[in-house]
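Understanding the architecture of this molecule
Listed below, chain by chain, are the residues.
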Amino acid sequence: MAVLPTNFQFSQASLQDYVDCPRRFQLRYVLQLAWPAQEVEPALENEQHLRQGAAFHRLVHRHALGIPAEDLSRTVQEPDLRRWWHNYLERGPRDLPETRYPEVILSAPLADYRLVARYDLVAVDAGKRAVIVDWKTSRKRTKREILAERLQTKVYPYLLVCAGAHLGGGRAIAPEQVEMTYWFADYPEEPARFGYDTAQYEADGAYLTSLVEEIAGLGDEDFPLTTQDQRCKFCPYRSLCQRGVRAGTWDEALDAAYQALEDEADADDAFGIDIDFEQIAEVEY
Ligand code: SF4
């Protein structure tokens, strides 16, 4: 049996890692190995992008807490950040309910473990609507069909229904009240919106439970390396897996992701590449 760390909590990020590559899940969460290599080249540009992504999340968080936009704007210097901030102020998500919960953390039991998620924003009109907003600072807009399959799109609405009653005025939030919006800082007019319903909630619950039970039942030798070699180029563990030394570049990563889609090849190829950028941003924040 896999020996998960004591009190291990599953998240959309760890579950996505498992789905993308069981070995990566084992290295990162079971063996808890530090990331030995950078994911993409050039490192400096990558780091800068991630840092600005984290700064954008902090800005929006402070704005949601009530700090005036003018005060926050004075702190924004870097070009990417200025553009994202401007887009957010001028063309941010519309029609959000007034009651806002930024950076809220929810958790609930799942199989013998807990599932946890940190939301960028949950906006609630109690008894009517609950809108999950996720800020994305990725360089290209992730396609809807990719987002639809992401663990994040399953975990966030599912957990809000399971564990979000205190955000809904003390009443459980019904699946039909939940919406999820990915808002792209560089594509402010092209958010991706997903509805939710009871059938999807039940399907997500069954899928997430089976995934956690599957992982918990694995032995030390049961975490195979992904067969999708192209993912390894952007994985920090590639030297441990003898899957190459040089990191892929941003352009290679994005080209590979979008070529896979255009070819109607396995869209999963794109997921692995995209998630790493976003997950690092989450970790950094
Ligand atoms: S290098 Fe490849 S096989 Fe190894 S953990 Fe990363 S994605 Fe998996």
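Residues numbered from 1 in each chain as written. Predicted model: local features only at pLDDT ≥ 70, side-chain atom pairs only at ≥ 80, totals over all residues. Heavy atoms only, no water.

**Quick look at the packing of helix H7 (residues 151–163) against helix H8 (residues 198–216)**
Applied cut-off: Here an angle of 0 to 180 degrees is reported between the N-to-C directions of two axes, which are lines fitted to C-alpha atoms, with helices fitted over the stretch in contact. Runs of H or I in DSSP of at least four residues are treated as helices and runs of E of at least two as strands, each being numbered from the N terminus. Angle categories: roughly parallel below 35 degrees, roughly antiparallel above 145, roughly perpendicular from 65 to 115, and oblique for all the rest. Two residues qualify as a contact provided that any one of their heavy atoms is within 4.5 Å of a heavy atom in the partner residue. Gly falls in the polar group here, along with every residue not listed as nonpolar (Ala, Val, Leu, Ile, Met, Phe, Trp, Tyr, Cys, Pro) or charged (Asp, Glu, Lys, Arg).
Across the interface, H7 lies against H8 with an axial gap of 10 Å and an inter-helix angle of 110 degrees. The orientation of H7 with respect to H8, classified from their angle, is roughly perpendicular. Residue-level contacts link Leu 151, Lys 154, Val 155, Tyr 158, Val 161 and Cys 162 of H7 to Tyr 201, Asp 204, Gly 205, Tyr 207, Leu 208 and Leu 211 of H8. Here the residues of the contact of H7 with H8 are counted per class, giving 9 nonpolar, 1 polar and 2 charged.

**Brief notes about the environment of Gln 9**
Note on placement: Gln 9 falls in strand E1 (residues 9–10). For the pair Gln 9 and Pro 109, spaced 100 residues apart in the sequence, the C-alpha separation amounts to 9.2 Å. If sequence neighbours within four positions are ignored, Gln 9 has contacts with Arg 114 and Val 116.

**A word on the packing of aromatic side chains**
Formally: Two aromatic rings, drawn from Phe, Tyr or Trp (for Trp, its six-membered ring), form a pair once their centres lie within 6.5 Å of each other, and the interplanar angle then sorts them: stacked below 30 degrees, edge-to-face above 60, tilted otherwise.
The tally for this structure, following the rule as stated, stands at 19 aromatic pairs. Geometrically, the ring pair formed by Phe 10 and Phe 25 is stacked, given 6.2 Å between the ring centres and 10 degrees between the ring planes. Taken together, the residues Phe 10 in strand E1 and Phe 25 in helix H2 (residues 22–30) connect sequence positions 15 residues apart. Both rings, one in Phe 56 and one in Trp 135, keep their centres 6.4 Å apart while their planes meet at 90 degrees; by these two values the pair is edge-to-face.

**Thoughts on H2**
Side chains that are three or four residues apart share a direction in an α-helix, a result of its 3.6 residues per turn. Rules: We call a residue buried when its accessible area falls under 20% of the maximum for its residue type, exposed when it is over 50%, and partly exposed in between, using a 1.4 Å probe and counting protein chains only.
H2 sits mainly inside the fold: 8 of its 9 residues count as buried. Along H2, the residues classified as buried are Pro 22, Arg 24, Phe 25, Gln 26, Leu 27, Arg 28, Tyr 29 and Val 30. Looking one or two residues past H2, Gln 32 carries a phi angle of roughly 55 degrees, positive in sign.

**Considering the site of the ligand**
Using the following cut-off: The criterion for a residue being near a molecule or strand is simple. One of its heavy atoms has to lie within 4 Å of it.
Every residue near the ligand is listed here: Cys 21, Arg 24, Leu 225, Thr 226, Cys 232, Cys 235, Tyr 237, Arg 238, Cys 241 and Arg 243. Partitioning the shell around the ligand into residue classes produces 6 nonpolar, 1 polar and 3 charged.

**What about the pairing of strand E3 (residues 99–110)?**
Worth spelling out the cut-off: A pair of strands is labelled paired if DSSP reports no fewer than 2 bridges between them.
In this sheet, strand E4 (residues 113–125) lies alongside E3 in antiparallel orientation, the contact comprising 11 bridges. Within E4, the position partnered with Ser 107 by the bridge is Val 116. Here E3 hands over to E4 after 2 residues, with Ala 111 in that stretch at a positive phi of 50 degrees.

**Some thoughts on a nonpolar patch on the surface**
For the record, the criterion: Only residues whose relative accessible area exceeds 30% and that take part in no salt bridge are eligible for patches, with like-charged residues grouped when within 9 Å of each other and nonpolar side chains (Val, Leu, Ile, Met, Phe, Trp, Tyr) grouped when within 5 Å. Note on areas: Shrake-Rupley with a 1.4 Å probe; residue coverage comes only from the protein chains shown. A carboxyl oxygen of Asp or Glu within 4 Å of a side-chain nitrogen of Lys or Arg is what we treat as a salt bridge.
Taken together, the side chains of Leu 31, Leu 33 and Leu 240 make up a nonpolar region of the molecular surface, amounting to roughly 250 Å² of accessible area. Along the chain, the position of Leu 240 falls in the loop between H8 and strand E8 (248–249). Overall, the relative accessible area of 45% leaves Leu 240 in the partly exposed class.

**A look at the confidence of the model for the chain**
Low pLDDT marks stretches whose predicted atomic positions should not be read closely. To keep things clear, this is the line we draw: Per-residue confidence from the predictor is given as pLDDT, running between 0 and 100.
Of the residues in the chain, 81% reach a pLDDT of 70 or more, and the chain-wide mean stands at 85. Taking the mean pLDDT of every element in the chain, the minimum, 38, falls on helix H10 (residues 268–284) and the maximum, 98, on H7. A low-confidence stretch, residues 257–285 (pLDDT under 50), is modelled with 65 contacts involving residues beyond four sequence positions or located in other chains.

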